[in-house]
Amino acid sequence: MVFLNRDALTEKVLAGERISTNEGLELNRWPLEELGILATARRDLAKAKSYNGRGSEIVTYIVDRNINYTNICNVYCKFCAFYRTEKDEDHYVLSFEQIDQKLDELSAAGGVQILMQGGHHPKLPFQWYVDLLHHIRDRYPHINIHGFSPPEFQHFAETFRMPLREVISEFKNAGLGSIPGGGGEILVDRVRKKISPLKINSDQWLEVMQVAHEIGLRSSATMMFGHVETIEDRIEHLQRIREQQDRSGGFTAFNRSIPF
């Protein structure tokens, strides 16, 4: 195990320089409170000139709402307590009216975005999704539809026997505004085969992001950690996200979660 110079690494982070894999591993060994202080300092430096010089004082947010349009799924991930099969009594597909009710409530609270994802439903037709997007865009033009994760898009392409680019383009034309990074888990296939063997591999996840960014959609990136992955796997995941950002430049946020 190689320990790097802490002062030099701190200065590198504060300067906004790109860190290496080994430096990422070294930062992971630091106490959490030290990392928090360093991250806050870097954020303040990066944002200092924003908002007329008040960037280090201001944090922005939006009001949004998660909508899971169906819990029917056929990939059966080992960590998931959400999915159901069509044989389960509590399976569902939300009606447009039910979705409207959620959007009315969101609008009343000043919301401007929905995160809309669902299971890999084997029977919903392509037109159902297109009609849903048109419906939301026409009735709620003030709400951005941040929807359908990369595994869903690969599922759509396979189920509807359509090229991936065509599926994403049709969704965009119907009203999709951006794509969440769901299903990223850990972008290391050895890990993915253990926790979600029927879900897409890491290259397929990144392919969706590449295509989406090429046609003008922005997206977030995610990492689900704290299960069977190693620290090295987490760093590899971050490295792959960074490399994808170098290629296509469309990520606007990074989110982390833990399974439960």
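The rules we used
Residues numbered from 1 in each chain as written. Predicted model: local features only at pLDDT ≥ 70, side-chain atom pairs only at ≥ 80, totals over all residues. Heavy atoms only, no water. Axes fitted to C-alpha atoms, helices over the stretch in contact; angles between N-to-C directions. Helix = DSSP H or I, 4+ residues; strand = E, 2+ residues; numbered from the N terminus. Parallel < 35°, antiparallel > 145°, perpendicular 65-115°, else oblique. Left-handed = near helix turned anticlockwise from the far one by under 90°. Contact = heavy atoms within 4.5 Å. Nonpolar A, V, L, I, M, F, W, Y, C, P; charged D, E, K, R; others polar. Core = buried A, V, L, I, M, F, W, Y, C linked by side-chain atoms within 4.5 Å. Buried < 20%, exposed > 50% of the residue type's maximum accessible area, 1.4 Å probe, protein only. Salt bridge = Lys/Arg side-chain N within 4 Å of Asp/Glu carboxyl O. Pairing = 2+ DSSP bridges. Right-handed = clockwise from strand over helix to strand, strands pointing away.

A. Inspection of the packing of helix α8 (residues 164-174) against helix α10 (residues 202-214) at higher detail. Put simply, α8 and α10 touch, their axes get as near as 10 Å, and they point 50° apart. Considering their axes alone, α8 and α10 lie oblique with respect to each other. As α8 packs across α10, the resulting crossing turns out to be right-handed. Taking contact as the criterion, the partners of L164, R165 and I168 in α8 are, on α10, E207, V208, V211, A212 and E214. Taken together, the residues of the contact of α8 with α10 break down into 5 nonpolar, no polar and 3 charged.

B. Representation of the nonpolar core. Formed by 45 residues in total, the largest nonpolar core has its most connected members in M116, F148, F153, I168 and F171. Sorting the residues of this core by element identifies α5 (96-108), β2 (113-117), α6 (126-139), α7 (150-160), α8 and α10 as the ones contributing at least two each. Looking at this core element by element, the count peaks at 7 residues for α6. Residues within four places of I168 in sequence aside, it is in contact with F153, I179, V208, V211, A212, I215 and L217. Of all hydrophobic cores here, the second largest spans 7 residues; its members include I186, V188, M223 and M224.

C. Region of the structure containing the pattern of salt bridges. Evaluation of the coordinates by the stated rule reveals 15 salt bridges. One salt bridge connects K123 with E86, and the closest N-O pair in it is separated by 3.4 Å. Separated by 37 residues along the polypeptide, K123 in the loop between β2 and α6 and E86 in the loop between β1 (64-68) and α5 bring together distant segments of the chain. Taking the shortest distance from any N to any O, the salt bridge between R139 and D100 comes out at 2.9 Å. You can see R139 sitting in helix α6 and its partner D100 sitting in helix α5, a full 39 residues away along the chain. By relative accessible area, which is 8% here, D100 ends up buried.

D. Local environment of the pairing of strand β6 (residues 251-257). Here strand β5 (residues 218-224) runs beside β6; their pairing, made up of 6 bridges, is parallel. Along β6, the bridge assignment pairs S220 with A253. For the segment spanning β5, helix α11 (residues 231-248) and β6, crossover handedness is right-handed.

E. Fine view of helix α2 (residues 21-29). When α2 is considered as a whole, its buried residues turn out to be E23, G24, L25, E26 and L27. Among the structural elements, α1 (6-14), α3 (32-47) and α11 are those in contact with the buried residues of α2.

F. Highlighting the pairing of β2. In terms of burial, β2 is largely enclosed, as 5 of its 5 residues are buried. Of the two faces of β2, the one holding Q113, L115 and Q117 and the one holding I114 and M116 are both buried throughout. Where β1 lies against β2, 5 bridges are found, and the strand directions are parallel. Among the inter-strand pairings, R65 is bridged to a residue of β2, identified as I114. Since β1 and β2 lie parallel, the crossover through α5 that links them has a hand, and here it is right-handed. Two strands pair when backbone bridges link them, and β2 and strand β3 (residues 144-147) are joined in this way by 4 bridges, in the parallel orientation. In the sheet register, L115 faces β3, and the bridge partner there is H146. Handedness of the β-α-β unit built from β2, α6 and β3 comes out right-handed.

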